[in-house]
Amino acid sequence: MSRLTNRLMLSVLTSVLSIAPVLGQANEHKLNPATGLIDTTGHNMVAAHCTACHSAKLISQNKMSRERWLDTIRWMQSTQKLWPLGDAEPVILDYLTTWYGPKTQSRRAPIPAHLMPKESD
């Protein structure tokens, strides 16, 4: 095989292995078929309040701290006509922070130097 083919195969294998833990996490928690969000405590509140105005995908693609989620809610309230959430607000924030909080790891670790292909002269 050529050096390019070897690098491509290594790259594909590394990519597959790097997402395996993420796929495992997705299987641990049932997704709601209607929203695609994790179906657990707080989901109904988030679905009722948040997806009334925008797609659940907007939620799942963001990974924010509790403070950033609250800032986003306040921004929506001041500029997008989001209603006061009242007693639902802490439930929504708990859900968003727990399931859509900051990622602890977002990429695979760098490939160790000894596993990298040798550079050609």
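Shown above is the structure to which this text applies.
Caption draft 1: A look at unusual backbone geometry. Although it is not a glycine, K81 adopts a positive phi angle of roughly 65°. Mapped onto the elements of the fold, K81 is located in the loop between α4 (66-79) and α5 (88-99). K81 gets classed as exposed once you look at its relative accessible area, which sits at 75%.

Caption draft 2: Structural detail: the packing of aromatic side chains. Per the stated rule, a full pass over the model turns up 1 aromatic pair. Measuring from centroid to centroid gives 5.9 Å for Y95 and Y100, while their planes differ by 50°, and the two rings are tilted. Residues Y95 and Y100 agree in their burial class; the two are buried.

Caption draft 3: Representation of the nonpolar core. One finds V46, I59 and I92 to be the most contacted residues of the largest nonpolar core, which totals 18 residues. Counting only elements with at least two residues in this core, the list comes to α2 (43-50), α3 (56-60), α4 and α5. Sort the elements by how many residues they give to this core and α5 lands first, with 5 residues. Not counting residues within four places of it along the chain, the set of residues in contact with I59 comprises L37, V46, C50, H54, W69, L96 and Y100.

Caption draft 4: Quick peek at the packing of α4 against α5. One can describe the packing of α4 onto α5 by two numbers: an axis separation of 9 Å at closest approach and a directional angle of 130°. With respect to α5, the element α4 is oriented oblique. In this structure, α4 crosses over α5, and the sense of that crossing is right-handed. Side by side, α4 and α5 meet where R66, W69, L70, I73, R74 and Q77 of the first sit next to E89, P90, I92, L93, D94, L96 and T97 of the second. Taken together, the residues of the contact of α4 with α5 sort by class into 7 nonpolar, 2 polar and 4 charged.

Calculation notes
- Residues numbered from 1 in each chain as written.
- Predicted model: local features only at pLDDT ≥ 70, side-chain atom pairs only at ≥ 80, totals over all residues.
- Heavy atoms only, no water.
- Helix = DSSP H or I, 4+ residues; strand = E, 2+ residues; numbered from the N terminus.
- Buried < 20%, exposed > 50% of the residue type's maximum accessible area, 1.4 Å probe, protein only.
- Phe/Tyr/Trp six-rings, centres within 6.5 Å; stacked < 30°, edge-to-face > 60°.
- Core = buried A, V, L, I, M, F, W, Y, C linked by side-chain atoms within 4.5 Å.
- Contact = heavy atoms within 4.5 Å.
- Axes fitted to C-alpha atoms, helices over the stretch in contact; angles between N-to-C directions.
- Parallel < 35°, antiparallel > 145°, perpendicular 65-115°, else oblique.
- Left-handed = near helix turned anticlockwise from the far one by under 90°.
- Nonpolar A, V, L, I, M, F, W, Y, C, P; charged D, E, K, R; others polar.

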